[in-house]
Amino acid sequence: MTESTSMHAKSTSQQAEDETFVDELYEKCNALASNLWWSWTPEVERLFRDLDPARWRELDHNPIALLGEFTPVRLANRANEMVLHSRINQAYRRLREYMRNHQTWGSTHAGVLGAKPVAYFSAEFGIHESLPIYSGGLGVLSGDHIKSASNLGVPLVAIGLFYAQGDFRQKLDCAGFQNEAYDDTKVEQLPIQPATDRDGKPVLLNIETAKGAIKIKVWEVQVGRVPLYLLDSNVDGNNPEDQQLTSRLYGGDERTRIRQELVLGIGGVKALAAIGISPGVYHLNEGHSAFAPLEVIRFRMESDGLTFEDAVREVSMQTAFTTHTPVPAGHDRFTAELVEEHLGPLRKELGLTPAGLLELGRVDTSNPAELFCMTVLGLKLSRTANAVSQLHGSVSRRMWSSLWPARLEEDVPIGHITNGVHSETWLANQMRTLYNKHF
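Every value quoted in this text rests on a predicted model; they were computed, and no experiment measured them.

Asks: Just checking my understanding: could you explain a nonpolar patch on the surface for this structure?
Replies: Residues Met431, Leu434, Tyr435 and Phe439 make up a contiguous nonpolar surface patch of roughly 430 Å² in combined accessible area. With respect to the helices and strands, the residue Leu434 is situated in helix H18 (residues 429-438). With a relative accessible area of 39%, Leu434 lands in the partly exposed category.

Shown next, in the form of structure tokens:
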């Protein structure tokens, strides 16, 4: 081999190594951005910010959107300028160790859930501003709940809705009134991917109503160790109304609300079955997801040959319900006509009469004028129920005492678990450093 040929071979080999290094660096950054673990890991968040501080702010601290503006070569050059290579490698190594670590609190104290995890249903999840699928306190609680489950290693999967217009921008007109302008969320700029069934195919579901089926697709978001499944009705084959059904959180009229809750509860249970997950516990965060136990009951009747009463008894033993709202007006209620339109097909499979189904959502089962209440349904189909503070527990027991007329108010079976927070999300970096030093 001549000297020029040898030099050319070395040059080609070095170029290939350089290209591999550039591609691996880009892949590591994308892996970090694709798991929302970064959102409560300050050193990783600072890593993304240092790539381009101005664009980081302008893109609402969204690492997927930020990396979309970099080619692998440009990213490598920027990493060289800012001396980020070791930080990227360390962050990637930490993520892999975090995901592979099985010596967790959950492995010791919640091992029974390993094969049958908790299924946590909520209408909103406030995980980070770059994933706009939440509105307020309920979503923040849900987000903190699954982050904490991830850190503790509690076997848990989460189920929610994908709001394609999760955010709106506010403007005041000349008269001082607020106007909202909704923006479509760009899926390609979110850390989500289609959820797949046992055969590796994207999950597509049908939810039957008396006036036709609602088609649903399912997205998956990785929140540390916890998979979050988001149901989306923007599917070809749905009518325009249903395509927009999950677009906005808490939007529309009562008919929109009951259809959203049908998707969350019934669709959520169907999605888990299609993915191959058999939960050991169903945790309903507020009444929005209270239809879920009905679908589980239907499945147990079909698969195990149980009667409705036996299925209710067994499914209730697996179900926990959290109530949040301390005022009667905050609990979803629907007319008999809306309930029959949307639950009629399921009701027939359960072997119930229209009146029998409505009784599950009524306090006074003998009052045909009473509306169907989702909170009542959740309370009746759960083994355990809790409010979210000691005071709220007292308020809730008083509010729902008529469901248990033979009991004293203090004996009403609604306990309380005071809301907590995921401390790593809410601690300022300076306070984190101080606490780590002294505790």
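Asks: Where do I start with the pattern of salt bridges in this structure?
Replies: Side chains that differ in charge, positive against negative, can pair when their charged atoms come close. The final tally for this structure, using the stated rule, is 21 salt bridges. When the shortest N-O distance is used, the salt bridge between Arg259 and Asp242 registers 2.7 Å. A residue pair is termed long-range when its members are at least 10 positions apart, and Arg259 in helix H10 (residues 254-275) and Asp242 in helix H9 (residues 240-243) qualify at 17 residues. We note a salt bridge from Glu409 to Arg398, for which the minimum N-O separation is 3.7 Å. Taken together, the positions of Glu409 in the loop between helix H16 (390-399) and strand S14 (415-416) and Arg398 in helix H16 put the pair 11 residues apart, joining distant regions of the chain. What you see here is one network of salt bridges that share partners, running through Glu241, Asp242, Arg255, Arg259 and Glu341.

Asks: Please explain helix H5 (residues 72-82) as it appears in this structure.
Replies: In an α-helix, one turn spans 3.6 residues; hence positions three or four apart end up facing the same way. Along H5, the residues classified as buried are Leu75, Ala76 and Ala79. Each buried residue of H5 lies within a common arc of 100 degrees when the element is viewed along its axis, so the set occupies one face. Across H5 from its buried face, at more than 90 degrees, point the exposed residues Val73 and Glu81.

What counts, and at which threshold
- Residues numbered from 1 in each chain as written.
- Predicted model: local features only at pLDDT ≥ 70, side-chain atom pairs only at ≥ 80, totals over all residues.
- Heavy atoms only, no water.
- Patch = residues over 30% accessible without salt bridge, like charges linked within 9 Å, V, L, I, M, F, W, Y side chains within 5 Å.
- Areas by Shrake-Rupley, 256 points an atom, 1.4 Å probe, with all protein chains shown as cover.
- Salt bridge = Lys/Arg side-chain N within 4 Å of Asp/Glu carboxyl O.
- Helix = DSSP H or I, 4+ residues; strand = E, 2+ residues; numbered from the N terminus.
- Buried < 20%, exposed > 50% of the residue type's maximum accessible area, 1.4 Å probe, protein only.
- Arc of directions from axis to C-beta.

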